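Fold and contact review
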Amino acid sequence: MSFLGKSYQPSPPAEAEGTKSPAADPSPNLSAESDGPVIDVRAARAHYPTSAGPLTVLGGVDLTVGRGEVVAVIGPSGCGKTTMLRALQGLVRVDAGTISVQGRAPGDRSGRGTGTGTGYVFQQPSLFPWWSVRKNIEFGLRLRAHRPRLDAAERREHADRLLELVGLAGFHDFRPAALSGGMQQRVNLARALAVEPAVLLLDEPFSAVDTLTRERLQRVLARSLHALGTAAVIVTHDIREAVFLADRVAVMSERPGRIVETFTVARSHPRDEDYQHGEELAAISARVYHRLRSSDEKAHASELTSARELVDFAGSPTPRRDEPHA
Ligand SMILES: Nc1ncnc2c1ncn2[C@@H]1O[C@H](COP(=O)(O)OP(=O)(O)OP(=O)(O)O)[C@@H](O)[C@H]1O
């Protein structure tokens, strides 16, 4: 895959690096398991215990994500998007239904000790402030438990290539505090990608930056995922962001959340700035918007009815004693 004038390739399977056979320890990106979906969620229900009793948050979520596929999840605030990502990490247990990530239970680190090959990027970058940018990324490389160990020179080279991939070539010696929020989020992304996860989970990753930086980061993310063949689930409130990044946009209902409709974004990658501001993206975004709006209206229909009744009631003049009753 050509990148910024150079060639970036994910690590070859273990055999090519001369240590283990790929069958014994396959790459998450290139494994023999790759026929099935990387994420398979079926009728998943989950709740949080609260002082007022159990709060059902996931109301039967169905979601599949194929190898290298990017799915954006969009839905009203509080509908359970973050909870779904937490369930994919094994941090929230489902009461009913099933979730598998790379054919295993979420968070299952048994077996080959490879984990589920899942990476995370959250709203706020979580970099080690006392380390340089390069060292932060090298930390991600050390987490590649399923890979042959890299020596110091290889780690450095990998880190620099990842920095180049996210458009930060030359910033390797900077400390995070010397970078803008958007640049820090790029480093965060590079560190998450360094693990070479089969799937990256992103929770509103760009909501803390200004519009132009956000759009730049969206392009960086889109081309990085595409270059590495990494599948991703991205939770966002921004419809255009969802459409720009995703192969499919899944719309979630009000809590208890479930996927009520999925839109396919047929446009191939790489997607550029023209696409980001073009009519095609606007048209799909409008369809997603209308779907969100119609489920919002349905969810609030009873509220609206009561509000209307209230207005009717308040609006109807109270008969005065001296007025004749109708
Ligand atoms: N640890 C918890 N204990 C109890 N309730 C929780 C907990 N975490 C979240 N909730 C509740 O679960 C519901 C779903 O929360 P979640 O964060 O998954 O929603 P969301 O769709 O990601 O929201 P937003 O878009 O606002 O970030 C909310 O009503 C929230 O108050």
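Residues numbered from 1 in each chain as written. Predicted model: local features only at pLDDT ≥ 70, side-chain atom pairs only at ≥ 80, totals over all residues.

1. Re helix α5 (residues 211–228)
For α5, with 18 residues, the first-to-last C-alpha span of 26 Å sits near the 26 Å given by 1.5 Å per residue. Among all positions in α5, only Leu 217, Gln 218, Val 220, Leu 221, Ala 222, Arg 223, Ser 224 and Leu 225 are buried. Downstream of α5 by one or two residues, Gly 229 has phi in the positive range, about 70 degrees. (Helix = DSSP H or I, 4+ residues; strand = E, 2+ residues; numbered from the N terminus. Expected span 1.5 Å × (residues − 1). Buried ≥ 20, exposed ≤ 12 C-beta atoms within 10 Å, placed from the backbone.)

2. Points about the sheet that holds strand β4 (residues 53–65)
A sheet is described by the order of its strands in space; here 3 strands give the open sequence β4-β3-β6, paired in antiparallel fashion. Pairing within the sheet leaves two strands with one partner each, and these edge strands are β4 and β6 (96–101). Across this sheet, the average inter-strand angle for adjacent strands is 35 degrees, counted without regard to direction. Sheet topology places strand β3 (residues 39–50) next to β4; 10 bridges connect them, and they run antiparallel. Each bridged residue has a counterpart across the sheet, and for Thr 50 the counterpart in β4 is Gly 53. Contacts between helix α1 (residues 81–89) and the sheet are confined to β3, β4 and β6, with β4 contributing the most and set at about 70 degrees to the helix. (Pairing = 2+ DSSP bridges. Axes fitted to C-alpha atoms, helices over the stretch in contact; angles between N-to-C directions. Contact = placed C-beta atoms within 7 Å.)

3. Remarks on the site of the ligand
Near the ligand, the surroundings consist of 13 residues, among which Tyr 48, Ser 77, Lys 81, Thr 82 and Thr 83 are the closest. Elements with a minimum of two residues in the shell around the ligand: β3, β4 and α1. Here the shell around the ligand takes 3 residues from α1, the largest share from any one element. Looking at the shell around the ligand residue by residue, the classes come out as 4 nonpolar, 7 polar and 2 charged. (Near = placed C-beta within 6 Å. Nonpolar A, V, L, I, M, F, W, Y, C, P; charged D, E, K, R; others polar.)

4. So, the confidence of the model for the protein chain
Looking at the protein chain, the pLDDT average stands at 82 and 78% of residues meet or exceed 70. Of the regions scoring below 50 in pLDDT, residues 1–33 engages in 53 contacts with residues more than four places distant in sequence or in other chains. Here residues 111–116 scores under 50 on pLDDT; set against residues more than four positions off or in separate chains, the count is 13 contacts. Our summary of model confidence lists the complex with pTM equal to 0.81 and ipTM equal to 0.98. (pLDDT = per-residue confidence, 0-100.)

5. Looking at the sheet that holds strand β7 (residues 118–121)
An order of β7-β8-β9-β5-β10-β11 is seen for the 6 strands of this open sheet, with the pairing classed as mixed. If you trace the sheet from one side to the other, it starts and ends with β7 and β11 (259–264), each paired once. For this sheet the average axis-to-axis angle between neighbouring strands, irrespective of direction, equals 20 degrees. Sheet contacts for helix α4 (residues 181–194): β7 and β8 (199–203); angle to β7, the most-contacted strand, approximately 175 degrees. Contacts between helix α8 (residues 279–299) and the sheet are confined to β5 (70–74), β10 (248–252) and β11, with β11 contributing the most and set at about 170 degrees to the helix.

6. Observations concerning the nonpolar core
Core analysis: the largest hydrophobic core is formed by 71 residues, its most contacted members being Ala 190, Val 199, Val 233, Ala 246 and Val 249. The element contributing the most residues to this core is α4, with 7 residues. Those residues in contact with Ala 190 that sit more than four places away from it in its chain are Ile 137, Leu 162, Leu 163, Leu 165 and Val 166. (Core = buried A, V, L, I, M, F, W, Y, C linked by C-beta atoms within 7 Å.)

7. Concerning the pairing of β8
Remember that side chains alternate between the two faces of the sheet whenever the strand is regular. Counting buried residues along β8, 4 of its 5 residues qualify, which places the element largely inside the surrounding structure. Note that β7 and β8 share 4 bridges and pair parallel. Residue pairing for β8: Thr 118 is matched across the bridge by Val 199. By the bridge criterion, 5 bridges tie β8 to strand β9 (residues 231–235) in an arrangement that is parallel. Looking at the pairing, Leu 202 lines up with Ile 234 of β9.

8. Describing unusual backbone geometry
Both trends apply: most residues other than glycine have a negative phi, and most peptide bonds are in trans. Here the residue pair Arg 255 and Pro 256 is connected by a cis peptide bond, since its omega of -5 degrees sits within 30 degrees of zero. Among the structural elements, Pro 256 can be located in the loop between β10 and β11. With an omega dihedral of -5 degrees, the bond running from His 269 to Pro 270 counts as a cis peptide bond. Take Pro 270: it is sitting in the loop between β11 and α7 (273–276). Look at Gln 102: it is not a glycine, yet its phi comes out positive at around 55 degrees. Along the chain, Gln 102 falls in the loop between β6 and β7. Since 25 C-beta atoms lie within 10 Å of it, Gln 102 is described here as buried. In the Ramachandran plot, Glu 204 falls in the positive-phi region, its phi being about 40 degrees despite a non-glycine side chain. Residue placement: Glu 204 occurs in the loop between β8 and α5.

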